[in-house]
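# Report on the structure
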Amino acid sequence: MTCGDDFDPEQVARDSADFFRRVIELAPDQELSSSLVASRDAIVFVIDGEIELMCVEGARRRFTRGAMLCLTPTVRLLRNSGVEPVRLIAISRRNRLPKPSG
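As a starting point, this report considers the structure included with it.

Moving on, we get to the pattern of salt bridges. For the structure shown, the criterion picks out seven salt bridges. Linking Arg60 and Glu52 is a salt bridge whose minimum nitrogen-to-oxygen distance equals 3.8 Å. For Arg60, a relative accessible area of 53% translates into the label exposed. Salt-bridge contacts for Arg62 lead to Glu52; the nearest nitrogen and oxygen are separated by 3.9 Å.

Glancing now at the nonpolar core. Within the largest apolar cluster, 16 residues are counted, with the highest numbers of intra-cluster contacts made by Val46, Ile51, Leu53, Phe63, Leu69, Leu71 and Leu88. If you list the elements that add at least two residues to this core, you get β1 (19–26), β3 (43–48), β4 (50–55), β7 (75–80) and β8 (86–93). Apart from residues lying up to four places away in sequence, Leu69 is in contact with Ala42, Ile43, Val44, Val46, Leu53 and Phe63.

Let us now look at the sheet that holds strand β2 (residues 31–33). In a beta sheet, neighbouring strands pair by backbone hydrogen bonds and run either parallel or antiparallel. The four strands are arranged β2-β7-β4-β5 in an open sheet whose pairing can be described as antiparallel. Either end of the sheet is taken by a strand with one partner, and the two such strands are β2 and β5 (60–64). Sheet twist, expressed as the average angle between the axes of neighbouring strands with direction ignored, equals 25°. Sheet topology note: the β4/β5 ladder contains five bridges and is antiparallel. Residue pairing in the sheet places Ile51 in a bridge with Phe63 of β5.

Spatially, the four strands line up as an open sheet ordered β1-β8-β3-β6, and their pairing is antiparallel. Unpaired on one side and paired on the other, β1 and β6 (68–69) mark the two borders of the sheet. Across eight bridges, β1 lies against β8 in antiparallel orientation. Counted as the bridge partner of Glu25 is Arg87 from β8.

Here we come to the pairing of β8. For β8, the buried fraction is high: seven of the eight residues fall into the buried class. As defined by bridge partners, β3 adjoins β8 across five bridges and the pair is classed as antiparallel. Bridging from a neighbouring strand, Asp48 pairs with Arg87 of β8.

Looking now at the side chain of Arg79. Looking at the secondary structure, you find Arg79 in strand β7. Judged by its relative accessible area of 15%, Arg79 is buried. Those residues in contact with Arg79, other than ones at most four positions away along the chain, are Asp29, Gln30, Glu31, Glu50, Ile51, Glu52, Met54 and Arg62.

Here the focus is the pairing of β7. Here β7 lies mainly inside the structure; five of its six residues are buried. In the sheet, β2 pairs with β7 via three bridges, with the strands oriented antiparallel. Counted as the bridge partner of Glu31 is Arg79 from β7. Relative to β7, β4 is paired through five bridges, and the arrangement is antiparallel. Each residue of the ladder has a partner; that of Ile51, found in β7, is Asn80.

Calculation notes
Position numbers for residues count from 1 along each chain, tracking the sequence in the order it is written. The model is predicted, so local features are restricted to residues of pLDDT at least 70 and side-chain atom pairs to those at 80 or more, both for listing and for counting; the totals for chains, interfaces and linings are taken over all residues. The side-chain values count all of the structure's non-hydrogen atoms but skip hydrogen atoms and water molecules. Just to be clear on terms, a salt bridge is a Lys or Arg side-chain nitrogen sitting within 4 Å of an Asp or Glu carboxyl oxygen. Burial classes: relative accessible area under 20% of the type maximum marks a residue as buried, over 50% as exposed, and values in between as partly exposed (1.4 Å probe, protein chains only). Among buried residues, those of type Ala, Val, Leu, Ile, Met, Phe, Trp, Tyr and Cys that are joined through side-chain atoms within 4.5 Å constitute a nonpolar core. Numbered from the N terminus, helices here are DSSP runs of H or I no shorter than four residues, and strands are runs of E no shorter than two. The contact criterion used is simple: two residues touch if any of their non-hydrogen atoms lie within 4.5 Å. DSSP calls a pair of strands paired once it identifies at least 2 bridges connecting them. For helices, the fitted line uses only the C-alpha atoms of the stretch in contact; every axis is such a line through C-alpha atoms, and the angle between N-to-C directions lies from 0 to 180 degrees.

Below you can see the structure in the form of structure tokens.
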């Protein structure tokens, strides 16, 4: 899925009581375990560059600027497959403690 020109992921979720935003940058050919990028319910936006996802079973897929991803446990790692730096924004819900009753 890609984001339209009028959609700005940088404005979607500033750090708040409900959401946590992480900016991740990868140099060309740099790899990162997917577990370091996403929590269980994170949405990941490719802001700049080209990223390659590698799955546990060996499949690979590339995504460029504007892509919106939801990483599953089958994704093993992310790699900057381009010549430019990659910048990702991962947005996830904060863990919230239940309100005390009574």
